Every structure is written in C-alpha cells, then in structure tokens.
Amino acid sequence: MEAIKFKPIWKPTLWGGEWWLISAVEGSESVAADGEFAGMTLPQIISRSRQDLVGGASWAKYGEIFPLLVKFIDARQDLSIQVHPDDEMAARIHGKLGKNEMWYVVDALKGSYLIDGFKKPMAEPDYAASVADGSIEDYLNKVQVEVGDVFYIPSGRVHGIGGGTFIAEIQQSSDVTYRLYDYNRRDKDGNLRELHTELAKQAITFGDVTPDPRSHYVETPDTLCEVVRCPFFTTYVAHLSHPLSYDVSRVYSFVVVMTLSGSCRLTDENGAAVILQEHEAALVPAAARMLNVTPDGKTKILVSHL
C-alpha cells in the first residue's frame, strides 16, 4: 500500500478557519485524492484495509475508528477559551473519544500568543463567578510565541489560540470542545456566544498551573527530533535539506507526514511515490516497511504515529 493523500476540508469560522487534512470525524471524513483509493473516505479505506493501514495496536484498541485528526489552524482573531474532556468523560456523555492535542507554531505575527493552562491556582468554587465577571482572564497563562514553539495540551487543560497565529495540530479524533469563556463577544446578531460552563467545570483540571508549558527540544538538521510523546501519539519535527529514511516497521502504526514549509517526495520500499506541497499531509500505511522523504530544497515536516 502506498501513502495516501486526501482532499483537504476547509472549515471557515468567525475567527479564521481550519484545514482538516486527515479526518475520520463523522460528517467530516477525508476523501482520498488519487491513487488506489481515489474517491474513498478514510473510514471506507480502513474497513477495507484494516490492520494493513492502521497497524495492529491501533486496530486492537480502536478497531475501525481512526484515532487521530490532523489539521492546520489559521487564527486571524482570538479564539475562545476552551477545555476538552478526557476519554472517560467524552465516552460517558458523548459516546466519543476525548481530546488530547499538540500545537506546532508554523507562523506567528509579532506579539502573538497562546493560552496554555493557569498562571496561578484557581479554586473550583470560584470558577463560575470568574467566568461571569471576566476575572478568569487574570488566571490564564498567556505565552508569547515564535515559529517552532511546541505545546502539548492534555485533556482538562484550559487553553486558547491568539489571533495572528498559524498552527499545525495533531489531536485525538474528536470534535468535542467546551467553550468556557469568549471575552463577552457577540455574534453578528448581537447575541453572546454559547458557553458550556458546567460541562467545562467537570472537565477542567483546576490545579493545572503551567509556568513553562513549551516542549523543550534541540533540533539536529536532517534528523527526526521528538517534540511530543504522550499516550495518544508521538510527534517529531525535521528540517530537511537531504533525504531522510525512516523505518516504519519499528513503530507498528500508521505514520502521518505534514509539510510545514517547502515540499517533498515520499516513497516506500517499493518506490511508490506521493508528492507533498507546503501545508499538505499524507497517511503512510502501517504495512509499509520504509518511509523515504526527499525534500525539494529545504523542507520542514512533522511526523506522527501512535
């Protein structure tokens, strides 16, 4: 099986928009752009290819559910302050996976920021009042960002994305989000946006003070550098000016490749090739033995797997 590239799904929003590149979320299923599976949705491909596509560990745990959602976020204005439930809460209330996610800052205007956790402790009894009077802003850990910054956002952590940032996001395959604060902004009809105050209260980890939330890593050119490892995925970044080979057979999982800048050619051990332009992604099946990445000049990529 060769690597699969899907047609991107553009989701416009009040604050900008998102490009969903690899998705099996119901109602937003990715469709293969070409090749052996052209025109098929990701769930259809999984149903047909099973462990050959997702790998034995993913099949044993998730079955035909694809466990990750891969996207770019173009935040032209500030997003609301949100929190996501863990697997237990999401399954109990929504019948879905929870949401743990990571961000890689692809581009950022000067002074842009992200919100990652609390900068000082918040007591649970104070939560509802702080949302109502806006004083919750005094608790939020606002972090100015630069290109290359990486953040892991576990379920239960309060977070938000500031305007002027362009972000690559790897997350569990879930669309469950609780909006707990939106700066008292109103929509085009003059109405306050819906908040999920009580659900958010159940999901929040109130002791989650994050003075230094960035992932710290040291890059080596033409090498995969680990930036996030968690129970749900592992992600690497690589700045390439020379070809890179990666032994996919060692990870027993599908592999996702995203281009953050530049373009590249992906080939497997049989020579089957897929071209990725800037800000595209491909799904490399678990059945592949070797992933070869040949950059076109200088290219920056993210590589993720279970």
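Refer to the structure printed above.
Now for a look at the structure at hand.

Summed over the entire model, instances satisfying the criterion amount to 0 disulfides. You can see C230 has no disulfide; the closest cysteine sulfur is in C225, sitting 16 Å from it. Considering cysteine sulfurs only, C225 is the nearest to C264, which forms no disulfide, with 18 Å between them.

For the α-helix, the turn length of 3.6 residues means that residues three or four positions removed from each other point alike. Two or three places before E88, at the start of helix α4 (residues 87-94), stands the capping residue D86, its side-chain oxygen 3.3 Å from that residue's backbone nitrogen. Looking one or two places after α4, you find G95, whose phi comes out positive at around 70°.

Any space left empty among the atoms is revealed by the rolling of a water-sized probe across them. There is about 500 Å³ of room inside the largest pocket. Around the largest pocket, the lining is made up of 28 residues, and of these W15, E18, K71, Q82 and T177 lie nearest the centre. Going through the elements one at a time, β3 (16-22), β4 (68-75), β6 (101-108), β10 (159-161), β11 (165-172) and β12 (178-181) are the ones with two or more residues in the lining of the largest pocket. Across the lining of the largest pocket, the residue classes tally to 9 nonpolar, 10 polar and 9 charged. Volume-wise, the second largest pocket comes out at about 320 Å³. Together, 14 residues line the second largest pocket, and A24, V25, E26, I65 and S173 are the ones closest to its centre. Its residues assigned to classes, the lining of the second largest pocket shows 6 nonpolar, 3 polar and 5 charged.

Turning to the pairing of β4, a few remarks are in order. Buried residues dominate β4, accounting for 8 of its 8 residues. Neither face of β4 is exposed, since L68, V70, F72 and D74 on one face and L69, K71, I73 and A75 on the opposite face are all buried. In terms of strand pairing, β4 meets β11 through 8 bridges, oriented antiparallel. When the sheet's bridge partners are listed, V70 is paired in β11 with I170.

Before going further, it helps to examine the sheet that holds strand β20 (residues 290-295). Across the sheet, which stays open at both edges, the 4 strands sit in the order β15-β20-β17-β18 with antiparallel pairing between neighbours. The strands lining the two open edges of the sheet, one partner per strand, are β15 (244-247) and β18 (273-276). In this sheet, neighbouring strand axes are inclined to one another by 20° on average, regardless of whether the strands run parallel or antiparallel. Across 4 bridges, strand β17 (residues 264-267) lies against β20 in antiparallel orientation.

Where helix α1 (residues 42-49) is concerned, the buried positions are L42, I45, I46 and S49. The buried residues of α1 all sit within an arc of 100° when viewed along its axis, so they share a single face. R50 occupies a position one or two residues after α1 and carries a positive phi of about 55°.

Conventions and cut-offs
Residues numbered from 1 in each chain as written. Predicted model: local features only at pLDDT ≥ 70, side-chain atom pairs only at ≥ 80, totals over all residues. Heavy atoms only, no water. Disulfide = S-S within 2.5 Å. Polar contact = N/O pair within 3.5 Å; in protein donor to acceptor, adjacent residues only side chain to side chain. Helix = DSSP H or I, 4+ residues; strand = E, 2+ residues; numbered from the N terminus. 1 Å grid on protein atoms, 1.4 Å probe; cavity = no way out; pocket = protein on both sides within 12 Å on 5 of 7 lines; lining within 4 Å. Points joined across faces, edges and corners; volume = space filled by probe spheres on them. Nonpolar A, V, L, I, M, F, W, Y, C, P; charged D, E, K, R; others polar. Buried < 20%, exposed > 50% of the residue type's maximum accessible area, 1.4 Å probe, protein only. Pairing = 2+ DSSP bridges. Axes fitted to C-alpha atoms, helices over the stretch in contact; angles between N-to-C directions. Arc of directions from axis to C-beta.

Function cannot be read off these values alone, since they describe shape.
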